[in-house]
Amino acid sequence: MSTGPIPTSARPTADLYGNSGGARPLAFIYDRNATRSHVVLDMRLEGCLTYARRHDWQVADQWIDRGDDALGSRRPRFTALLEIMRTQARIRPVLCLVHTWDRLAHDGELRIALQQRVAQAGGYVATTFDESDERAHAVLVGRSDA
């Protein structure tokens, strides 16, 4: 569900990620679903939309990996999300919004690898439970100044 075209104009100032200052954050909602049922998935997605609205974030869209793509490290929809995120990270704060950390991956190593991919695209991951890896950005991208 898209909330309309993503504006590409920006203000000239930048934060520590190189994002423009004062711009409204752009949330990329991500989930995965290995089962045929979508009732619980729909509730998680609605929770993400509600959370984004409460924080006054613009929602870019929703990306969902399904079936086998939801289980392994190959995540085509997640990869597509990152490609768009990378273009937007130069002009505004961007984040990957998930319901819980497990929506990235149950496996801790895989979850960290996916968080690193988000950080390398210029964003951070946030959950609907007020958790975020935003402060760990430097560590996730491998900078020594962390």
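In this text, all values refer to a predicted model and were calculated from it rather than measured experimentally. (Residues numbered from 1 in each chain as written. Predicted model: local features only at pLDDT ≥ 70, side-chain atom pairs only at ≥ 80, totals over all residues. Heavy atoms only, no water.)

Considering the sheet that holds strand 2 (residues 58-66)
Operational definition: One bridge is not enough; two strands pair if DSSP finds at least two bridges between them. Each helix is a run of DSSP H or I of at least 4 residues and each strand a run of E of at least 2, with the numbering of both proceeding from the N terminus. Every axis in this analysis is a line fitted to C-alpha atoms, fitted for helices over the stretch in contact. Angles between the N-to-C directions lie between 0 and 180 degrees. Between two residues, a contact is recorded if the distance between any of their heavy atoms is within 4.5 Å.
Taken together, the four strands give an open sheet; going across it, the order is 2-1-3-4, and neighbouring strands pair in parallel fashion. Edge strands, defined here as strands with exactly one partner in the open sheet, are strand 2 and strand 4 (124-127). Going across the sheet, the axis of each strand differs from the next one's by a mean of 30°, ignoring polarity. Looking at chain direction, strand 1 (residues 26-33) and strand 2 are connected through eight bridges and run parallel. The partner of Arg 32 across the bridge, within strand 2, is Asp 65. The sheet strands contacting helix 2 (residues 76-89) are strand 1, strand 2 and strand 3 (94-98), and the helix crosses strand 2 at an angle near 155°.

As for the confidence of the model for the chain
Here is the rule: Each residue carries a pLDDT score, the predictor's own confidence in it, on a scale running from 0 to 100.
Taken residue by residue, the chain gives an average pLDDT of 87. The fraction at 70 or more is 84%. Overall, residues 1-20 carries pLDDT values under 50, and its contacts beyond four positions in sequence, including any with other chains, amount to 50 contacts.

Section: the nonpolar core
So the rule is basically this: Throughout this description, the term nonpolar core refers to a set of buried Ala, Val, Leu, Ile, Met, Phe, Trp, Tyr and Cys residues connected via side-chain atoms within 4.5 Å. Relative accessible area decides the class of each residue, using a 1.4 Å probe on protein chains only: under 20% of the type maximum gives buried, over 50% gives exposed, and in between gives partly exposed.
Counting 21 residues, the largest nonpolar core has Phe 28, Tyr 30, Phe 78, Leu 81, Met 85, Cys 96 and Leu 104 as the members making the most contacts within it. Of all the elements in the fold, those that place two or more residues in this core are strand 1, strand 2, helix 2, strand 3 and helix 3 (108-120). It is helix 2 that contributes the most residues to this core, five residues altogether. Core analysis: the second largest hydrophobic core is formed by 15 residues, Ile 29, Tyr 51, Ala 52 and Leu 95 among them.

Regarding the environment of Val 125
With respect to the helices and strands, Val 125 occurs in strand 4. Classification of Val 125 by relative accessible area gives buried; the value is 0%. Put simply, Val 125 and Gln 115 are 10 residues apart on the chain and 6.6 Å apart in space, counted from C-alpha to C-alpha.

Focus on the state of the cysteines
The bond known as a disulfide is covalent and runs between the sulfur atoms of two cysteines. Let me state the cut-off plainly: Note on disulfides: each one is a pair of cysteine sulfur atoms within 2.5 Å.
By the definition in use, this model includes zero disulfides. As a non-bridged cysteine, Cys 48 has Cys 96 as the owner of its nearest cysteine sulfur, 8.8 Å distant. Judged by relative accessible area, which is 0%, Cys 48 ranks as buried.

Comments concerning the environment of Gln 88
Position of Gln 88 among the secondary structure elements: in helix 2. Each C-alpha atom, one on Gln 88 and one on Gly 122, is 8.6 Å from the other, the two residues being 34 residues apart in sequence.

Points about the pairing of strand 3
Among the five residues of strand 3, five are classified as buried, and the element is accordingly described as predominantly covered. Looking at chain direction, strand 1 and strand 3 are connected through four bridges and run parallel. Each residue of the ladder has a partner; that of Ala 27, found in strand 3, is Leu 95. Judged from the four bridges that link them, strand 3 and strand 4 form a sheet pairing that is parallel.

A look at the side chain of Asp 31
Threshold: Any N or O atom pair separated by 3.5 Å or less is treated as a polar contact, with the protein-specific requirement of one donor-capable and one acceptor-capable atom, and with residues adjacent in sequence counted only for side-chain atom pairs.
Structurally, Asp 31 is set in strand 1. Of the residues examined, Asp 31 reaches a relative accessible area of 1% and is grouped as buried. Polar side-chain contacts of Asp 31 include one of 2.8 Å to the side chain of Arg 44. Apart from the residues within four sequence positions on either side, Asp 31 is in contact with Leu 41, Arg 44, Leu 45, Trp 63, Ile 64, Asp 65 and Arg 103.

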